[in-house]
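Now for the letters of each chain:
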Amino acid sequence: SAVISQKPSRDICQRGTSLTIQCQVDSQVTMMFWYRQQPGQSLTLIATANQGSEATYESGFVIDKFPISRPNLTFSTLTVSNMSPEDSSIYLCSVIGSEAFFGQGTRLTVV
Amino acid sequence: GESVGLHLPTLSVQEGDNSIINCAYSNSASDYFIWYKQESGKGPQFIIDIRSNMDKRQGQRVTVLLNKTVKHLSLQIAATQPGDSAVYFCAGVPLNYGGSQGNLIFGKGTKLSVKP
């Protein structure tokens, strides 16, 4: 199994600012995924992050709003830029091993 | 396109009873389905999976049934315990993603409450 450390676990941010979420995995993985879970909702894939290439974004998500870094095979960051209250969600990273493993999530509140 | 959804948003059962959580999907071009459990404040945890060439798979206290004819799958939990209280999501993997579990399409979730 993969152990994923995600931080921060929660944050309250002012609108217009940006927050960078970090995801550290205890083993090397090719693909890392970032999901958003809006309050009371299911998970929606934001983007797929491969090491050494640009992230692939799903429909409705753009790089300017959610820039992603993937500097090596154990680490990735997701930045939520120019935040508005609508960005208040839980953001989760995920990796693939024998199954899909998820981080604990980052609960973001934008005020 | 693919969409996966759940019939009921909440389910309340008595401790010791069996629970059945249902999920419907709209796109038959899915190769693989997974059930996740999400406890409050935590990320989803894998429970059990099933491939489209199967109609039933059993785990410890859990069984997943897949009915491709009506595009429906269910999660059965035997002898439900208070620790089973959580939100349960089904997720599907579209075939065109080559079977990568990362491109999961999640259903809305069912909140299971177990009464002692």
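This text goes with the structure placed above it.
Right, let's walk through the structure included here. Computed from a predicted structure; not experimentally measured.

Quick notes on the packing of aromatic side chains
Given two aromatic rings, their pairing is described by the distance between the two centres and the angle made by the two planes. Scanning the model with the defined rule gives nine aromatic pairs over all chains in all. Taking the centre distance of 5.6 Å and the plane angle of 55° together, the rings of Tyr35(A) and Phe102(A) count as tilted. Separated by 67 residues along the polypeptide, Tyr35(A) in strand β4 (residues 31-37) and Phe102(A) in strand β10 (residues 100-102) bring together distant segments of the chain. Overall, the relative accessible area of 0% leaves Tyr35(A) in the buried class. Consider the rings of Phe61(A) and Phe66(A), whose centres lie 5.6 Å apart with planes at 65°: the pair is edge-to-face. By the burial criterion, Phe61(A) is buried, and Phe66(A) matches it. Feature note: the residues Tyr35(A), Phe102(A), Tyr36(B), Phe89(B) and Phe106(B) constitute an aromatic cluster, connected by ring pairs. A cation over a ring is seen here: Arg51(B) above Tyr32(B), with NZ or CZ 4.3 Å from the ring centre.

A look at the interface of chain A and chain B
Counting from both sides, the interface comprises 18 residues of chain A and, opposite them, 17 residues of chain B. Summed over the shared surface of chain A and chain B, the result is zero salt bridges. Seen at the junction of chain A and chain B, the total is three residue pairs in polar contact (both at pLDDT 80 or more). Of all the elements, β4(A) adds the most residues to the side of chain A that touches chain B, at four residues.

Side note on the pairing of strand β4 (residues 30-38) of chain B
All names here are of chain B. The element β4 is largely enclosed, with a buried count of eight among its nine residues. By the bridge criterion, six bridges tie β4 to strand β5 (residues 45-51) in an arrangement that is antiparallel. By the bridge assignment, Tyr-36 is partnered in β5 with Phe-46. Joining the antiparallel neighbours β4 and β5 is a turn of six residues, in which Gly-41 adopts a positive phi near 80°.

Calculation rules
- Residues numbered from 1 in each chain as written.
- Chains lettered and ligands numbered in written order.
- Predicted model: local features only at pLDDT ≥ 70, side-chain atom pairs only at ≥ 80, totals over all residues.
- Heavy atoms only, no water.
- Phe/Tyr/Trp six-rings, centres within 6.5 Å; stacked < 30°, edge-to-face > 60°.
- Helix = DSSP H or I, 4+ residues; strand = E, 2+ residues; numbered from the N terminus.
- Buried < 20%, exposed > 50% of the residue type's maximum accessible area, 1.4 Å probe, protein only.
- Lys NZ or Arg CZ within 6 Å of the ring centre and 35° of its normal.
- Contact = heavy atoms within 4.5 Å.
- Salt bridge = Lys/Arg side-chain N within 4 Å of Asp/Glu carboxyl O.
- Polar contact = N/O pair within 3.5 Å; in protein donor to acceptor, adjacent residues only side chain to side chain.
- Pairing = 2+ DSSP bridges.

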